[in-house]
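# Residue-level structural notes
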Amino acid sequence: MEVLSASRRALVAALALTLTACPKAPSQTDGRDNPVGEPSGRPRVEVKSDATADAALAQARAESQANPDKKKAAEAYLAVRKAYPATTAGQDALYNAGVLFFEAKDYANARKTFNELIFENPLYDQAEDAKHKMALSAMEVGAYRDAYQTLTSLAERAEGAQKDQLLKEAARAAEGAGLYSQALSTAVKEAGDAQTPEDKAAAVAKVEKLVEGRADFLDVARAQEGLSPSNPAWPVLQFKLARIYYHLRDWTRLEETLQRFLRDAPDSSFAPQAKELLARATRRVEVRPRTVAVLLPMTGRYQPIGEAVLRGVKLGLQGSDIELVVKDTQGDVNKTGQAMEQLAFDDGAIAALGPLLVDDTKRAALLAEELQVPLLTLSRQEGITDIGPYVFRNMLTNSAQARAIADYAMNVKGYKKFAVLYPNIPYGVELANEFWDEVVARGGAVRGAEAYTHDQTTFTSEAKRLVGRYYLEDRGDYAEAVRDVQGENITDAYRRRKAMEKARSGVDPIIDFEGLFIPDDWRRVSLVTPALAVEDIVTNACDPRDLERIRKTTGKKELKTVTLFGTNQWSSPKGRSGLPELLERGGKFVTCSVYVDGFFVDSQRPATQKFVKSYRDAYKEGGRDPGLLEAIGYDSARMVRQVLDKQRPNTRAAMREAMAGLKDFDGATGRTSFNDKREADKQLFLLSVDNKGVNEINVDKEKAAVRGSGS
């Protein structure tokens, strides 16, 4: 037998350690260290010859020969057994009954009968045949483990063709019992012992069946250990090991295994596949330094967002000699995985951009790390770069938005107290929590939080709860007003009802917050804000003169202003008037609000203006301005382009290092640097709403003014 290399022995040892938790076939014994159906020692019953019993047995034999119904004939033998249990005739009757049950395919009774005979007298003359038939019967009724134990025991004592037959039956029993290691071992031995081409082909087919989806990695490694290449099963096992190494990304062992396979089994039917797999593994390090791939949903339901990003990517690479390979993920996880492997093994891409969708991004990131391909994802999924050092991200995230709003509200506006009104969906809950955490971390407080359903259209109850007007029975001032009404002893029902309504409306709102965060889209916001105004939450008086005017109009001198804060979902298309639809629908109630975005088409930042102009020139026919997706695609492509042009990396590892060191990239979405987690850090766009539209806030200028005022 051939001795394994040190690396192969190490592999088998490692697999043994990792798979020790796998259940092993329990030893089938009768409590005396004998396999089930294999009791040994002296007979349990001392039998003797009896003339009367012998005569009864002869009569039963004659009846069985005359009766074509084998089950009834077997019952005749069992009657003799019952009448003369401690006789040789009784045991012969038991054996004959078992044979008849077996021939009649009544395997349950055959197994029971043979088991009784062997347990009673393991030295019975026909014990070996009884055990064999008992094992075959056990297989037929699904007792595969018992059958396997008995058949392997019989095979150890058999020779020649009988031994081969018993081993084949034992392999079938092992497979039925899920003892694939034993089944595989037996099948491999059978292949090695086969004498005819037909027998070899049948044995190899059995090995193939077992290694494909039945025997596990350890079973295959054990069966292959020390096996000579002359065994017809050797190529099957060797190629299976190679494919396992491929899926484990163990490139060194993969190449060793394939090279040995092609050396020792060059004529195998698996040889063409082995050559292709070896070439594929070799190509993984063959990089084309000017080739970049992008993974986007270019067909299917997500096609529009894929096309938007691709427009930005192409614009970012315009005029460059960089080859762009577009991979259509179709929004399908499996296709995303295939695309990642193709761009690494077949296209030689030095880096990849995308994907966008959460599940696609997870799959791509895992494969990027396994294949060590730098991947710049465009997903919002939090924590995606934690997968490994080859994963980067350039996209507006919920945490970044919450951080930007909290920083502006507290460090620029000087607010300390907030409330949150959010939709009870994952997006709303996540942003509400992120904002809450950011406020608390900066020493602020969240004084109230109210949730609403995603399809809600009226918000009266939520607005009342925010200002303490919903549960009036808990308000002391309301209780006092009610007592006053009751003290007036108004007898007229109508006047009494009006007095109670006046008492309710006279309760002042408790507005103990300066800012209200609403993480929802602009359509919902335009419905929420009027409900806030009804409860005297003044959101449109950022100018003190406006507040004074409202006080005079309402006659309420204690009114306080509250600034509304939102996310990039507040960004809306322009309506018929040329104003954003947020303003058209929300009217005066949304003015003075502030929201955050990752891109603003009307920004005065030079890099943003340059991108917008280039985009409008390049896509005149489309007639649409770029949005966040186009801008992110553009910046991501230009980041990769800048690294390739300036640092000229020739390997993926060098590309990864260069990407990690990218600092102060001046892009359409802001000046960007990758932090130590390979997340794109940038100053987001803070946008304010007035009656003329949406304007960008110069955060640096406002911060300088705050510092200059000493506040």
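The preceding data block contains the structure.
Now for a description of the structure that goes with this document.

How each quantity is defined
- Residues numbered from 1 in each chain as written.
- Predicted model: local features only at pLDDT ≥ 70, side-chain atom pairs only at ≥ 80, totals over all residues.
- Heavy atoms only, no water.
- Helix = DSSP H or I, 4+ residues; strand = E, 2+ residues; numbered from the N terminus.
- Rg over C-alpha atoms; globule rule 2.2 N^0.38 Å.
- Buried < 20%, exposed > 50% of the residue type's maximum accessible area, 1.4 Å probe, protein only.
- Areas by Shrake-Rupley, 256 points an atom, 1.4 Å probe, with all protein chains shown as cover.
- Lys, Arg positive; Asp, Glu negative; His and termini not counted.
- Charge placed at Lys NZ, Arg CZ, Asp CG, Glu CD.
- Axes fitted to C-alpha atoms, helices over the stretch in contact; angles between N-to-C directions.
- Parallel < 35°, antiparallel > 145°, perpendicular 65-115°, else oblique.
- Left-handed = near helix turned anticlockwise from the far one by under 90°.
- Contact = heavy atoms within 4.5 Å.
- Nonpolar A, V, L, I, M, F, W, Y, C, P; charged D, E, K, R; others polar.
- Pairing = 2+ DSSP bridges.
- Phe/Tyr/Trp six-rings, centres within 6.5 Å; stacked < 30°, edge-to-face > 60°.
- Right-handed = clockwise from strand over helix to strand, strands pointing away.
- Expected span 1.5 Å × (residues − 1).
- 1 Å grid on protein atoms, 1.4 Å probe; cavity = no way out; pocket = protein on both sides within 12 Å on 5 of 7 lines; lining within 4 Å.
- Points joined across faces, edges and corners; volume = space filled by probe spheres on them.
- Salt bridge = Lys/Arg side-chain N within 4 Å of Asp/Glu carboxyl O.

What follows covers the overall build of the protein chain. Summing up its helical and strand segments, the protein chain has 29 helices and 15 strands in all. Computed over C-alpha atoms, the radius of gyration of the protein chain comes to 41 Å, more than 25% over the 27 Å expected from 2.2 N^0.38 for 711 residues, which places it beyond the range of a compact globule. Considered along the principal axes of its C-alpha atoms, the protein chain spans approximately 130 × 85 × 45 Å. Of all 711 residues assigned to the protein chain, the portion counted as buried reaches 49%. Just so you have it, the protein chain exposes about 34,400 Å², and 48% of that area is on carbon and sulfur atoms. For the protein chain, the distance from the average site of its 101 positive side-chain charges to the average site of its 102 negative ones is 5 Å.

Our next topic: the packing of helix α3 (residues 70-83) against helix α4 (residues 88-103). Interaxial distance between α3 and α4 falls to 8 Å at its minimum, and their mutual angle equals 165°. Here α3 lies roughly antiparallel to α4, going by the angle between them. Between α3 and α4 the crossing geometry is left-handed. Mapping the contact onto sequence places K70, K71, A73, A74, E75, Y77, L78, V80 and R81 in α3 and G90, A93, L94, N96, A97, L100, F101 and E103 in α4. A per-class count over the contact of α3 with α4 returns ten nonpolar, two polar and five charged.

Once that is clear, we can look at the sheet that holds strand β2 (residues 323-328). Strand order in the open sheet made by the five strands is β2-β1-β3-β4-β5, with parallel pairing throughout. The sheet terminates laterally at β2 and β5 (391-393), the two strands that pair on one side only. When strand polarity is set aside, the average angle formed by the axes of neighbouring strands in this sheet is 25°. Across three bridges, strand β4 (residues 375-377) lies against β5 in parallel orientation. Bridge pairing links T377 to R393 in β5. Docked against the sheet, helix α16 (residues 333-345) engages β1 (288-296), β2, β3 (349-353) and β4, running at close to 175° with respect to β1. Sheet strands touched by helix α27 (residues 628-647): β1, β3 and β4. Its angle to β1, the strand with the most contacts, is close to 170°.

Turning our attention to the side chain of E341. Structurally, E341 is set in helix α16. The exposure class assigned to E341 is buried, which follows from its relative accessible area of 19%. Excluding anything up to four places from it in sequence, E341 contacts Y246, R249, R280, D346, L367 and L371.

This brings us to the packing of aromatic side chains. As enumerated under the stated definition, the model contains 22 aromatic pairs in all. A centroid spacing of 6.2 Å and a plane angle of 65° characterise the contact between Y415 and F565, whose relative ring orientation is edge-to-face. Highlighted residues: Y415 in the loop between α18 (398-412) and β6 (417-423) and F565 in strand β9 (residues 563-566), separated in sequence by 150 residues. The pair formed by Y415 and F565 is uniform in burial state, with each residue classed as buried. An aromatic cluster is defined as three or more aromatic residues linked by ring pairs; in this entry it consists of Y415, F418, F435, F517 and F565.

Here β6 pairs with strand β7 (residues 445-452) via seven bridges, running parallel. Residue pairing across strands places Y422 opposite A451, the latter belonging to β7. The parallel pair β6 and β7, bridged by helix α19 (residues 426-441), forms a crossover whose chirality is right-handed.

Moving on, we come to α18. Relative to the 21 Å expected for 15 residues at 1.5 Å per residue, α18 spans 21 Å between its end C-alpha atoms, a close match to the ideal helical length. Where α18 terminates, the next one or two residues include G414, which has phi positive at roughly 80°.

Moving on, we get to unusual backbone geometry. Note that the residue after G354, namely P355, is joined by a cis bond; omega there is -5°. Residue position: P355 is located in the loop between β3 and α17 (358-371). Even without being a glycine, K105 presents a positive backbone phi close to 65°. Secondary-structure assignment places K105 in the loop between α4 and α5 (107-120). In this structure K105 comes out as exposed when scored by relative accessible area, which is 62%.

This part covers the sheet that holds strand β12 (residues 670-674). Whether parallel or antiparallel, the strands of a sheet pair through hydrogen bonds between backbone atoms. If you trace the three strands from one edge of the open sheet to the other, you get β11-β12-β13, paired in antiparallel fashion. Looking at the sheet topology across the chains shown, the edges are occupied by β11 (665-667) and β13 (680-681). Here β12 runs beside β13; their pairing, made up of two bridges, is antiparallel. Following the sheet pairing, F674 is matched in β13 by A680.

Turning our eyes to something else, we now look at the packing of α4 against α5. Where α4 meets α5, the axes come as close as 8 Å, and the angle between the chain directions of the two elements is 155°. Classified by the angle their axes make, α4 and α5 are roughly antiparallel. For the pair α4 and α5, the crossing hand works out as left-handed. Contacts from Q91, L94, Y95, A97, G98, V99, F101 and F102 of α4 reach α5 at Y107, N109, A110, T113, F114, E116, L117 and E120. For the contact of α4 with α5, the per-class residue count stands at ten nonpolar, four polar and two charged.

Remember that side chains alternate between the two faces of the sheet whenever the strand is regular. Most of β6 sits out of view: six of its seven residues are buried. Relative to strand β8 (residues 515-518), β6 runs parallel, the two being bridged by three bridges. Residue pairing across strands places A419 opposite L516, the latter belonging to β8.

This part covers the environment of T88. Take T88: it is sitting in helix α4. Spatially, the C-alpha atoms of T88 and L277 are 67 Å apart, while their sequence positions differ by 189 residues. Here T88 is in contact with V47, K48, S49 and D54, once residues within four sequence places are set aside.

Attention now goes to the layout of surface pockets. Taken as a whole, the largest pocket encloses approximately 1,600 Å³ of empty space. In this structure, the largest pocket is lined by 47 residues; those nearest its centre are N568, S571, D597, G627 and L628. Sorting the residues of the lining of the largest pocket by element identifies α15 (303-317), α19, α23 (522-534), β10 (594-597), α27 and β15 (693-696) as the ones contributing at least two each. Residues of the lining of the largest pocket, tallied by class, amount to 24 nonpolar, ten polar and 13 charged. Computed from the structure, the second largest pocket encloses a volume of approximately 500 Å³.

The next thing to look at is the pattern of salt bridges. Per the counting criterion, the structure on display carries 40 salt bridges. Across the pair D129 and K133 runs a salt bridge whose closest N-O atoms are separated by 2.8 Å. Of this pair, D129 and K133 both sit in helix α6 (residues 127-140), separated by four residues, roughly a single helical turn. With relative accessibility at 23%, the residue D129 sits in the partly exposed group.

The values reported here are purely geometric and, on their own, carry no functional implication.
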